[in-house]
Every structure is written in structure tokens, then in C-alpha cells.
Amino acid sequence: MRVLVIGSGAREHALLWKLAQSRRVSQLWAAPGNPGMAALAECVPIGLNELERLADFAERQAIELTVVGPEAPLIAGLVDVFRARGLPIFGPTQAGAMLEGSKAFAKELMETAGIPTAQHRTFRDPAAAFAYLEEHGAPVVVKADGNAAGKGAIVALDLETARTAVRQMMVERIFGGAGEVVVIEDYLQGDEIGSTALCNGTSFVPLVLTQDHKRALDNDEGLNTGGMGAYAPLPFVSAEIERAVHERIIAATLRALQERGIAFSGVLYSNIMLTERGPMVLEHNTRFGDPETQAMMLLLKADLLDLLQAPARLASDSLWHPGYAVSLTLASGGYPGSYRTGLPIEGLAEAGRLEQVQVFHAGTALHDGKLVTAGGRVLSVAAYGTTLAEAVERAYEAARLIHFEGMHYRRDIAKRGLRALQSQTD
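Throughout what follows, the structure given in this document is the object of discussion. Every chain is numbered on its own, with residues counted from 1 as its sequence reads. Predicted model: local features are reported for residues with pLDDT of at least 70 only, side-chain atom pairs are reported and counted for 80 or more only, and whole-chain, interface and lining totals are derived from all residues. Side-chain calculation: all heavy atoms of the structure are included, whereas hydrogens and water are not.

**Focus: the environment of A232**
Part 1 of the reasoning: Considering the arrangement of structural elements, one finds A232 in strand 15 (residues 229-232).
Part 2 of the reasoning: Classification of A232 by relative accessible area gives buried; the value is 0%.
Part 3 of the reasoning: Whether two residues are in contact is decided by their heavy atoms, any of which lying within 4.5 Å being enough. A232 has contacts with V208, L209, T210, L299, G323, Y324 and A325, leaving out every residue within four places of it along the chain. What counts as a helix is a DSSP run of H or I of at least four residues, what counts as a strand is a run of E of at least two, and both are numbered from the N terminus. The rule is simple: take the accessible area with a 1.4 Å probe, protein chains only, and divide by the maximum for that residue type; under 20% is buried, over 50% is exposed, in between is partly exposed.

**A word on helix 1 (residues 10-19)**
Counting along an α-helix, one turn takes 3.6 residues, and residues three or four places apart therefore face a common direction.
Part 1 of the reasoning: With 10 of 10 residues buried, helix 1 is to be regarded as a mostly interior element.
Part 2 of the reasoning: Listed as buried for helix 1 are A10, R11, E12, H13, A14, L15, L16, W17, K18 and L19.

**Considering empty space enclosed by the protein**
Part 1 of the reasoning: Definitions used for this entry: grid spacing 1 Å over protein atoms alone; cavity, a set of points where a 1.4 Å probe fits but cannot get out; pocket, an open set with protein on both sides within 12 Å along at least 5 of 7 lines; lining residue, one with an atom within 4 Å of a point. Grid points are joined across faces, edges and corners, and a volume is the space filled by probe spheres set on the points. Tallying each qualifying case throughout the model produces one cavity of 30 Å³ or more.
Part 2 of the reasoning: Volume-wise, the largest cavity comes out at about 50 Å³.
Part 3 of the reasoning: Taken together, the elements giving at least two residues each to the lining of the largest cavity come down to helix 6 (103-113) and strand 17 (278-285).
Part 4 of the reasoning: Here the lining of the largest cavity takes four residues from helix 6, the largest share from any one element.
Part 5 of the reasoning: Classifying every residue of the lining of the largest cavity by side-chain character gives three nonpolar, one polar and five charged. In this count, Pro and Cys sit with the nonpolar residues alongside Ala, Val, Leu, Ile, Met, Phe, Trp and Tyr, while Asp, Glu, Lys and Arg are called charged and the others, Gly among them, polar.

**Examining the pairing of strand 10 (residues 191-200)**
Part 1 of the reasoning: In terms of burial, strand 10 is largely enclosed, as seven of its 10 residues are buried.
Part 2 of the reasoning: Pairing of strand 10 with strand 16 (residues 265-275) involves 10 bridges; the strand directions are antiparallel. Bridge pairing links C199 to G266 in strand 16.
Part 3 of the reasoning: We call two strands paired when DSSP finds no fewer than two bridges between them. Here strand 10 runs beside strand 11 (residues 203-206); their pairing, made up of four bridges, is antiparallel. Bridge pairing links C199 to F204 in strand 11.
Part 4 of the reasoning: Following strand 10, the chain reverses through two residues before pairing antiparallel with strand 11; G201 in that reversal takes a positive phi of roughly 70 degrees.

**Description of the nonpolar core**
Part 1 of the reasoning: For our purposes a nonpolar core is just a set of buried Ala, Val, Leu, Ile, Met, Phe, Trp, Tyr and Cys residues, chained together by side-chain atoms within 4.5 Å. By size, the foremost hydrophobic cluster in this structure holds 56 residues, and its most contacted members are L330, V381 and I402.
Part 2 of the reasoning: When residues no more than four places from it in sequence are discounted, the contact partners of V381 are V326, S327, L328, L330, V357, Q358, V359, A395, A398 and I402.
Part 3 of the reasoning: Within the second largest apolar cluster, 42 residues are counted, among which are V3, W17, A41 and A325.

**Quick notes on the side chain of T253**
Part 1 of the reasoning: Position of T253 relative to the elements: it lies in helix 9 (residues 239-259).
Part 2 of the reasoning: T253 gets classed as buried once you look at its relative accessible area, which sits at 0%.
Part 3 of the reasoning: Setting aside chain neighbours within four positions, we find T253 in contact with L99, L109, I115, L268 and H284.

**Some details on the pattern of salt bridges**
Part 1 of the reasoning: Here, a salt bridge means any Lys or Arg side-chain nitrogen found within 4 Å of an Asp or Glu carboxyl oxygen. A complete count under the given rule lists 24 salt bridges for this structure.
Part 2 of the reasoning: As a salt-bridge pair, D212 and K214 come within 3.6 Å of each other at their nearest N and O atoms.
Part 3 of the reasoning: Judged by its relative accessible area of 22%, K214 falls in the partly exposed class.
Part 4 of the reasoning: When the shortest N-O distance is used, the salt bridge between D412 and R410 registers 2.9 Å. Just as D412 is buried, R410 falls in that class too.

**Some remarks on helix 10 (residues 292-299)**
Part 1 of the reasoning: With eight of eight residues buried, helix 10 is to be regarded as a mostly interior element.
Part 2 of the reasoning: Taken together, the buried positions of helix 10 are E292, T293, Q294, A295, M296, M297, L298 and L299.

**Observations concerning unusual backbone geometry**
Negative phi characterises most residues that are not glycine, and trans characterises most peptide bonds.
Part 1 of the reasoning: Cis geometry marks the peptide bond from A232 to P233; its omega dihedral reads -10 degrees.
Part 2 of the reasoning: Locating P233 in the fold gives a position in the loop between strand 15 and helix 9.
Part 3 of the reasoning: Along the chain, Y335 connects to P336 via a cis peptide bond; the corresponding omega equals 15 degrees.
Part 4 of the reasoning: Assignment of secondary structure puts P336 in the loop between strand 18 (324-331) and helix 12 (348-352).
Part 5 of the reasoning: Here the phi dihedral of R173 falls at roughly 55 degrees; this positive angle occurs in a residue that is not glycine.
Part 6 of the reasoning: Counting through the fold element by element, R173 comes out in the loop between helix 8 (159-171) and strand 9 (182-186).

If you want it as C-alpha cells, here you go:
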């Protein structure tokens, strides 16, 4: 089968790496791809939002399946363009992608359908938002309504931080049009987890639960990022809670979309807070998570192509290897703020020789034949282990072999899971 993966990050590299293992895949392309992906596929220089050019390429190459990694082309309507031409593609239509493209839309849908989520208010006028903050107080979460590349949610534990977030989003427009509308919601406490499901209308196959680490620094300090690492499965989540996530959140969301005439297909990836009142949705996404996907692909036993094309035909107990997987983001100095690029990267060959370790490229480029940094999140080190501690150690062992100037990463990935496993043995 001829397969095209759209995207250029570590998530897409991981998907490509897993697809390359399928016996049914005969040829792979990546658009636009990255230097790491070039070892597995032919990279074609087409931008994520060049929808018609992507469709032209898929048509010309007789692509039999296109897999979309990032949210931007989905929100822009890439699936609609492909389907109008009869081109096979995995992902939701533009209407379905609104679940991620508009926080206000997602909140209104959940509220109407009775899906558990934080109380919220939506604002188009900065003055009204400021007045609400004075009345409501902190802590709150301030969210840009539109797509802000994973950085549009500010947890404000005090009023000054909340005011600053509203001002930056609605007045200074640091996220452009994404901050024209802002959602202010109650701050929820508990363990935050990720739920991933492959969906087709109101039917779905749930994948393994994950836990991301969004803050830049250890102990969940520092600014929000696109994700500094993840692990799976989660030893502190009971089967009862997992069933509640499936029934009250995934199934209920798909039904609510169906009632609005939206037959959702593709990935529903939900950030969920496990509160004292049960699982509650923080936000919905309509694509695979990053860095969750990198860990999941090492844990996945099934053929990814089979899973994407006909997930319902695969038994859930045959999807995964026993054990654990971890991903660790290696970031540029200063990320998620300003950072330098073009810095030489060393040690990839040594790290790649470690057992059960894969290094996926995110923000990398080739300069005069040498690999250099080209983004905030530069590399994603993923590792598998029969135990969580083993997976964590392998990821950090690989990270210690890699170097570029200013490189930083969190040293406490999977700490919550390790603590839960320790308590179970005490």
C-alpha cells in the first residue's frame, strides 16, 4: 500500500516509523517531513496548509491512504478536500475538527450534552472578560478559542496572571486570530491524563491511556509547552475510571456530534482531569497527541495500518506489548520562549544503538549535510521497558548521549506512575 504521512514533527516521525514496519506498506511519503523521516520515506516539500497541492500529490502518486498528523490542516478542511476527490484519508472533516479548532464550540457541545467538564464563560469583549475575572477570582484557566499550537491555555493561580493572559490573547493578540474569542473556565485539580480513541461515527476503539508533562520544568513548574514527555500505561488509573472515560466522555462526545449531523472519524484525543467528582474533560483534540504518540508507537504490538483502516476488527487485548513506554522531549534553550536555531546536534548514532530506544526528529534540519536544531522541541527520545523504571532509565540514558548547545529536558517524566507502582508494593 502507498501511504502518505502529513507533518514534520516527532509525532509524524513515530507514525511513519511504525507504518514502515507493516508488511502491507509498499511505499511511504512524508509532506513536508524532516531529516529523520527521510530515512524511511520520500519527503516532498509541500506545506501543511497547501490543501489542494497535497490532494494533487496524493492523486498523482495514487496514494492509497493519507494520515494527517497535525491539527492545522484538519481544522483548515484537508479531509473535505481529499474526500471530494475520492482520496482515502484518515482524520475528521472540518466540522469534526471544530472540536479542537474552537474551544467555545467544544465547551458548548459538552455543556449541552452533559459531558463532565469545568464550568466556563466565553468572551468576545476584553472588558467583559476582565470584569468577570474581578467577580470570579482565581484560580482559573484562560484559553484562546482557536488553534494556538498547544500553547493557548494559561493556568492562572492568581488574578494578575489571569489578567495578563486575557490582555495578551485579546488585546495584544499574541496568538493572532486564535485569541479573538477567549474561554475562561474553573481550575480543576487532580491527575491529568490523556485518552486516545480511534473513531468511526459513534463507534470507537480506545487506545492506552497516557500522561503528558506540559510544563517546561520539573515538578510541573515553568510555562506551558507543546509537551515535554509522556508515558503509558497508567498504573494509577483503575478499570472503573477507564470505563467512565469511555462511556461518559468518548461515547457521549461522539453521540453529541452525531446529533449535530457530524459523523466523526479519526482520532479523538482528550485531555482529562481525574477529579474527586470523577473524570472531567479539559479539552478535546482531533488528532494524535504529541509526545504521547511516540510512547504509544513503541508500546503498540498491532500493525498500525490495520489499526487505522479497521480498528474494530482488532481485539483490544492484542494491540499492545506488555510493559511500558516513555517519551522524553529534548528542547532548545529558552523554549517555550525565544531560542536559537542552527545549532549542531551530536550523539544521535550512539543513542540509536541502545536497546529498545528510538529517537524521533521534531525541530531538526540539515545544514551543509550536518544535522542542526530548527525548532523549540528538537528531538523526542522514546524507550520501551518491561517495567516503567526500565523504560524511564533507557530514555534518560539515551538523552545523556545526545548534545546540542542549550539543550534541556525534564528529569521527572513518569514520576507519578513510578510513585503509584511503589505504593502498590509497599
